[in-house]
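Chain by chain, the residues:
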Amino acid sequence: MSKKPIILGIESSCDETAASVITENEQGIPIILSNIVSSQVEVHKEFGGVVPELAARAHIEKIDWIVQKAIDESKIKIENIDAVASTAGPGLIVCLSVGLSFGKSFASAMNIPFISVNHLEGHALSPKLNSVLNYPYLLLLISGGHSQYLSVEGIGNYKRLGTTIDDALGEAFDKTAKLLGIEFPGGPQIEILAEKGDPDKYQLPKPIFHKGGCNLSFAGLKTAILKVSKNIKSEQDKFDIAASFQKTILEIMYKKTKNAFTEYEKNNLNNKTFVVAGGVAANKKIRSMLINLCEENNYKSIFPPINLCGDNAAMIAMVGLEKFKLKQFNNLDFPAKPRWPLDESAAFLKGAGVKL
Ligand code: KG4
Ligand code: ZN
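This is a predicted model, so every value here is computed, not measured.

The next point concerns the overall build of the protein chain. Counting its secondary structure elements, the protein chain contains 10 helices and 10 strands. Computed over the C-alpha atoms, the radius of gyration of the protein chain is 20 Å, within 12% of the 21 Å expected from 2.2 N^0.38 for a compact globule of 356 residues. Over its C-alpha atoms, taken along the principal directions, the protein chain stretches across nearly 60 × 50 × 35 Å. Considering the protein chain as a whole, with its 356 residues, one finds that 54% of them fall into the buried category. Sequence separation of at least 24 residues holds for 73% of the intrachain contacts in the protein chain that already meet a minimum separation of 6. Split by element, the accessible area of the protein chain, about 15500 Å² in all, is 53% carbon and sulfur. Separation between the mean location of the 40 positive side-chain charges and that of the 38 negative ones in the protein chain comes to 5 Å.

Written as structure tokens, this is what we have:
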């Protein structure tokens, strides 16, 4: 029986300080030995968004004991860890630097390989923590900072098929929540409020619905919500706005995902696997709509478990595990990369004047 790699993963790109230890069984199925996530929601609540300096300070205060806790809970002896994988980007540079420096120091002190991880690749590979998933596959990555369709050809090998030209989907949920007076991050609350509302009460715009392939746009939706939110008179009005917003998102994502299928199938007709990852993949309505769409189009749908949709370090360790097996190690001078697209060759498609 060969010794299986044991990987320590560290994540600090935004407002979650996280550490995890994973390994794999004889069949190569990953095993999570520990997965510790400490959220900073309370720190940023009163500011309505993540404040970089406060986030960095909170990471610094917690990183030592979060890593210690992850090692303790894994029941692994520290000297049996084979490599350490830290998120190096994208994210807030002051936050990234905390987990990155910690990981490098740990690797150096223990004399083990260091692996730098793209946070988005962590989301992309997160379903591997509970499902057998082979390349290639179509990925929809929907988080607070990114919304993209990508053809995943292998580790480090991504082809972007579509992206948002303005807000990310999670951002659209958070901004709508803010206009309804819900504290940051309000995305998950919208789903709860929507249960009690009338989804047909408000007709909201669907930006670039009939053009732009599988590119996405949500900024116009926010402007429309801003207008209707000025006339809120009751709690029921809030429920109706949340329900109408979510229904509009479902319609947009249904159409755009169909477009992404068409785009993906140009090169991958025989590999119809669709993976959805990132914080918004926790939304049950979006999940069930996409599962139905996959059934209609003969795709196998794969989602990470709800607790691994948001930011965590098990997904960072997962990338570390794959890279370890490929001996893809990094030097200790690997920089923090605030901007680090998965498909480096794809055009930057954000801002006014983008032509689709
Ligand atoms: O992946 P994630 O934890 O962090 C980033 O890398 O951005 O995603 C966080 C985003 C937030 O915008 C949050 O509001 C959204 O995911 N989110 C949801 C739900 N749960 C989290 N949005 C809609 N419905 C949910 N249930
Ligand atoms: Zn994330």
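Picking up after the structure, the text goes on.
Over its 18 residues, helix H3 (residues 93–110) extends 25 Å from the first C-alpha to the last, a length consistent with the 26 Å expected when each residue adds 1.5 Å. The complete set of buried residues in H3 reads Cys 95, Leu 96, Val 98, Gly 99, Leu 100, Gly 103, Lys 104, Phe 106 and Ala 107. Asn 111 sits one or two residues past H3 and shows a positive phi near 55°.

Moving on to the coordination of the zinc ion (ligand 2). Within the protein, the zinc ion (ligand 2) binds to His 119 (NE2), His 123 (NE2) and Asp 311 (OD); these donor distances fall in the range 2.0 to 2.1 Å. Coordination at the zinc ion (ligand 2) comes from 4 donor atoms whose angles at the metal span 94 to 138°, giving a geometry best classed as irregular. Donor residues for the zinc ion (ligand 2) sit on one chain with the sequence pattern H-x3-H-x187-D. Residue His 119 is located in helix H4 (residues 119–125), and its partner Asp 311 is located in the loop between strand E10 (300–302) and helix H10 (314–325); the two are separated by 192 residues in the primary sequence. For the pair His 119 and Asp 311, a shared accessibility class is recorded, and that class is buried.

Our next topic: the packing of aromatic side chains. Taken as a whole and assessed by the stated rule, the structure comprises 7 aromatic pairs. With a centroid separation of 5.7 Å and an interplanar angle of 50°, the aromatic rings of Phe 324 and Phe 329 are classed as tilted. Site record: aromatic cluster; members linked through ring pairs are Phe 261, Tyr 264, Phe 274 and Tyr 299. Lying over the aromatic face of Phe 209, Lys 206 brings its terminal NZ or CZ to 4.8 Å of the ring centre. For Lys 255, the ring lying beneath its charged end belongs to Phe 209, and the centroid distance is 4.5 Å.

One turn of an α-helix holds 3.6 residues; hence residues three or four places apart share an orientation. Compared with an ideal rise of 1.5 Å per residue, which puts 12 residues at 16 Å, H10 spans 16 Å between its outermost C-alpha atoms and is within 8% of the ideal. Of all 12 residues in H10, 11 are buried; the element is thus mostly enclosed. Residues Ala 314, Met 315, Ile 316, Ala 317, Met 318, Val 319, Gly 320, Leu 321, Glu 322, Lys 323 and Phe 324 constitute the buried set of H10. Of the surrounding secondary structure, the elements contacted by the buried residues of H10 are strand E1 (7–11), strand E2 (16–24), strand E3 (30–39), strand E4 (83–89), strand E5 (114–118) and H4. One or two residues past the end of H10 sits Lys 327, with phi positive at roughly 55°.

For the rest of this paragraph, the subject is the environment of Lys 272. Note that Lys 272 resides in the loop between helix H8 (235–265) and strand E9 (273–277). For Lys 272, a relative accessible area of 24% puts it in the partly exposed group. Expressed as a C-alpha distance, the spacing of Lys 272 and Asn 297, which sit 25 residues apart in the sequence, is 8.9 Å. Excluding residues that lie within four positions of it along the chain, Lys 272 makes contacts with Glu 265, Asn 297, Asn 298, Tyr 299 and Lys 300. For Lys 272, the side chain forms a polar contact with the main-chain oxygen of Asn 297, separated by 3.1 Å.

What counts and how
Residues numbered from 1 in each chain as written. Chains lettered and ligands numbered in written order. Predicted model: local features only at pLDDT ≥ 70, side-chain atom pairs only at ≥ 80, totals over all residues. Heavy atoms only, no water. Helix = DSSP H or I, 4+ residues; strand = E, 2+ residues; numbered from the N terminus. Rg over C-alpha atoms; globule rule 2.2 N^0.38 Å. Buried < 20%, exposed > 50% of the residue type's maximum accessible area, 1.4 Å probe, protein only. Contact = heavy atoms within 4.5 Å. Areas by Shrake-Rupley, 256 points an atom, 1.4 Å probe, with all protein chains shown as cover. Lys, Arg positive; Asp, Glu negative; His and termini not counted. Charge placed at Lys NZ, Arg CZ, Asp CG, Glu CD. Expected span 1.5 Å × (residues − 1). Donors = N, O, S within 2.8 Å, 3.2 Å for Na, K, Ca; no water. Tetrahedral: all angles 85-135°; square planar, octahedral: opposite > 155°, others 65-115°. Phe/Tyr/Trp six-rings, centres within 6.5 Å; stacked < 30°, edge-to-face > 60°. Lys NZ or Arg CZ within 6 Å of the ring centre and 35° of its normal. Polar contact = N/O pair within 3.5 Å; in protein donor to acceptor, adjacent residues only side chain to side chain.

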